[in-house]
Amino acid sequence: MQVKRVPTQPIDGQKPGTSGLRKKTRVFMQPGYLENFVQSIWDGIGGIAGQTLVVGGDGRFFNDRAIQTILKMAAASGAARVIVGQGGLLSTPAASNLIRVRGADGGVILSASHNPGGPDEDFGIKYNMSNGGPATETVTGAIHAATTAIAEYAIADAPDADLSTLGESRLGALVVEIVDPVADYAVAMENLFDFKAIRSLLQSGFQLRFDAMHAVTGPYATEILERRLGAAPGSVVNGTPSPDFGGGHPDPNPVWAKDLMDAMYGAGAPDFGAASDGDGDRNMIVGRGCYVTPSDSLAVLAANAHLAPGYAAGLKGVARSMPTSCAVDRVAEARGLPCFATPTGWKFFGNLLDAGMATLCGEESAGTGSDHVREKDGLWAVLLWLNILAVKRQSVAEVMAEHWAEFGRTYYSRHDYEAIDSALANRLMDDLRAALPGLPGRAAGALTVESAEDFAYTDPVDGSVSTKQGVQIRFVGGARLVLRLSGTGTEGATLRVYLERFDGAEFGLDPQVALAPVIAATEALAGITSRTGKTAPDVIT
Ligand code: VG1
Ligand code: CO
């Protein structure tokens, strides 16, 4: 095997964001672009000689080409073994699981998650560490530093590997091992959940619909829900991964999973509906006529996880990202559990999970997971819900009503303003940050600001500090407003506005109505409409 050393120079803007490096697919397809970043990963982590890596992606356009490049670059840099999901497929949680069960040194995941795929859409790459979790800020910092210093990359001059046949082959000294992407993951799920109870729920006439959104969870859901648990054939819809996700946004929320919402709110709706995103780490839960917000879902799972065998001993603690609603905090308080608030992005949960300080974690963006892997896990959340329903024998609506009666309801919504001019968005945030010290005591619409901060997080395990993680404003009476800029967008800036208000007595309001005072206060404080000209958010979830 011949190794080519190709001279190159730093490419601007290869800074990993919330979830690795995300760009337009055509950007990644430029000669040397992907190669530069992959070499920077190898350099940033101190080389990969002798290592075992896991590689896979969500099957989007360019997934297969990127994997061939990564294999040749792993061979050129002396890796011992690369474990690849058959056909280049691995969901993000399955990759995390595989890194852990195989004791790999790390992994590379190809995905832009819920962003659309295709030659004119998005692509992404991220590095996961030996605990199975996304690289910490320290490691992404080292990778970024490597992108700014790179002078050459090394790649094997070799034919493409066969990704379709299970088993081992060689690329020079590198062993390429093709594995079934579903097998180990399905075993992990069987070890956590009461499959017998779920099977008998499904036999009792309980109907479910799982929308894989033409993305990677199709094969996982078909094997686990239909084959192993006996859901009726056809319960999994859009179950064949396609390079452009059927032309849609594989984003499991009421806007992009509208077909599922229509089915769940229409005549003859099944008992339970769920969807997952491009790479399988997000989940949406919806009962018959009853959408469950991700923040509420996290709270319900925290309150009921002990009903599943894998969590029968109880939870060590719970964690949520700062913008996620405080619904889970109320469960933690009632049950005497430690509760942590971290910056946005799953990488911040890793240390808490590794240290045994938290068992369950979640984000408002439809991510929930536990210490079984180090990523959020869409199908896991679906199975935990099913396990809970199998034990309680209640409808989703009944579970929610009971939950709110016990803990109160935290009305919650996120308003996204997309593709704003980056300079304008940065100015908006900078001005808001500068105004924070003067806000407490000030009126904003009908509300009065109680406290205002630019969220900073000190990791309780390693003491690392992350600053500027979003503006958090609390109002007298308990309402809360958070504003931050997205770290995963690929066009201009996306401003995310997170709104919440607790109500201990009235549970039946429309969230947008319940949150009207907080929405009005936002405009008074941040002037989004006056600055951007946008009179309404682009996406409301
Ligand atoms: C978004 C979500 C965040 C999530 C991240 C990655 O980030 O808000 O909660 O962790 O996507 O999720 P941002 O910076 O755009 O708000 V995934 O499913 O894209 O791995
Ligand atoms: Co995702």
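Note that the structure is predicted; figures quoted are calculated from it, not measured.

What counts, and where the lines are drawn
Residues numbered from 1 in each chain as written. Chains lettered and ligands numbered in written order. Predicted model: local features only at pLDDT ≥ 70, side-chain atom pairs only at ≥ 80, totals over all residues. Heavy atoms only, no water. Helix = DSSP H or I, 4+ residues; strand = E, 2+ residues; numbered from the N terminus. Rg over C-alpha atoms; globule rule 2.2 N^0.38 Å. Buried < 20%, exposed > 50% of the residue type's maximum accessible area, 1.4 Å probe, protein only. Contact = heavy atoms within 4.5 Å. Areas by Shrake-Rupley, 256 points an atom, 1.4 Å probe, with all protein chains shown as cover. Lys, Arg positive; Asp, Glu negative; His and termini not counted. Charge placed at Lys NZ, Arg CZ, Asp CG, Glu CD. Near = heavy atom within 4 Å. Polar contact = N/O pair within 3.5 Å; in protein donor to acceptor, adjacent residues only side chain to side chain. Nonpolar A, V, L, I, M, F, W, Y, C, P; charged D, E, K, R; others polar. Domains from an automatic or database assignment. Buried area = accessible area lost by both parts, 1.4 Å probe. Salt bridge = Lys/Arg side-chain N within 4 Å of Asp/Glu carboxyl O. Pairing = 2+ DSSP bridges. Axes fitted to C-alpha atoms, helices over the stretch in contact; angles between N-to-C directions. Parallel < 35°, antiparallel > 145°, perpendicular 65-115°, else oblique. Left-handed = near helix turned anticlockwise from the far one by under 90°.

Draft legend 1. Structural context of the overall build of the protein chain. For the protein chain, the count of helices and strands is 18 helices and 27 strands. Computed over its C-alpha atoms, the radius of gyration of the protein chain comes to 23 Å, within 12% of the 24 Å expected for a compact globule of 541 residues. Along the three orthogonal principal directions, the C-alpha set of the protein chain runs to about 70 × 60 × 40 Å. Buried positions account for 58% of the 541 residues belonging to the protein chain. Partitioning the contacts of the protein chain with sequence separation of at least 6, the portion at a separation of at least 24 is 72%. As displayed, the protein chain offers around 19400 Å² of accessible surface, 50% of which is attributable to carbon and sulfur atoms. For the protein chain, the distance from the average position of its 45 positive side-chain charges to the average position of its 60 negative side-chain charges is 1 Å.

Draft legend 2. The site of ligand 1, seen in detail. Taken together, 20 residues lie near ligand 1, and Ser 113, Ser 486, Gly 487, Thr 488 and Arg 496 sit nearest. Measuring from an oxygen atom of ligand 1, one finds a backbone N or O atom of Gly 487 at 2.6 Å. By residue class, the composition of the shell around ligand 1 is no nonpolar, 10 polar and 10 charged.

Draft legend 3. Spotlight on the domain arrangement of the protein chain. Taken as a whole, the protein chain is organised into domain 1 (2-181), domain 2 (185-407) and domain 3 (409-540). Relative to domain 3, the C-alpha centre of domain 1 lies at a distance of 35 Å. If you look at the interface, domain 1 gives nine residues, while domain 3 gives six residues. It is Thr 18, Arg 22 and Lys 24 that lose the most area in domain 1 upon contact with domain 3, and together they represent 53% of the buried surface on that side. Where domain 1 touches domain 3, the interface holds one salt bridge. Taking the shortest distance from any N to any O, the salt bridge between Lys 24 and Glu 491 comes out at 3.3 Å. Where domain 1 meets domain 3, there are three residue pairs in polar contact (both at pLDDT 80 or more). For the side of domain 1 that touches domain 3, the element with the most residues is strand E2 (residues 21-24), which contributes three residues. Counted by class, the side of domain 1 that touches domain 3 contains no nonpolar, four polar and five charged residues.

Draft legend 4. Focus on the pairing of strand E18 (residues 367-370). The two faces of E18 match: Gly 367 and Gly 369 on one face and Thr 368 and Ser 370 on the other face are all buried. As paired elements, strand E17 (residues 360-363) and E18 share four bridges and run antiparallel to each other. In the sheet register, Glu 363 faces E18, and the bridge partner there is Gly 367. As consecutive antiparallel partners, E17 and E18 are separated by three residues, and within that stretch Ala 366 has a phi angle of approximately 80°, a positive value.

Draft legend 5. Layout of the packing of helix H6 (residues 183-192) against helix H8 (residues 217-228). Contact pair H6 / H8: the axes reach a minimum separation of 10 Å and the direction vectors enclose 45°. As far as their axial angle goes, H8 and H6 are oblique. Relative to H8, the crossing made by H6 is right-handed. When H6 is examined against H8, the residues Tyr 185, Ala 186, Val 187, Met 189 and Glu 190 are found in contact with a partner set consisting of Tyr 220, Ile 224 and Arg 228. Looking at the contact of H6 with H8 residue by residue, the classes come out as six nonpolar, no polar and two charged.

Draft legend 6. Representation of the environment of Asp 244 within the structure. Looking at the secondary structure, you find Asp 244 in the loop between strand E11 (236-237) and helix H9 (258-265). Here the alpha-carbon distance between Asp 244 and Ser 77, two residues 167 residues apart in the chain, equals 32 Å. Each residue touching Asp 244, except ones within four places of it in the same chain, is listed here: Gly 117 and Gly 118.

Draft legend 7. Summary view of unusual backbone geometry. Of note in the backbone geometry, His 214 takes a positive phi value of approximately 60° without being a glycine. For His 214, the location among the structural elements is in the loop between strand E10 (208-211) and H8. Residue class for His 214 comes out partly exposed when judged on its relative accessible area of 26%. Located in the positive-phi region is Arg 393, a residue other than glycine, with phi close to 50°. Arg 393 gets classed as partly exposed once you look at its relative accessible area, which sits at 45%.

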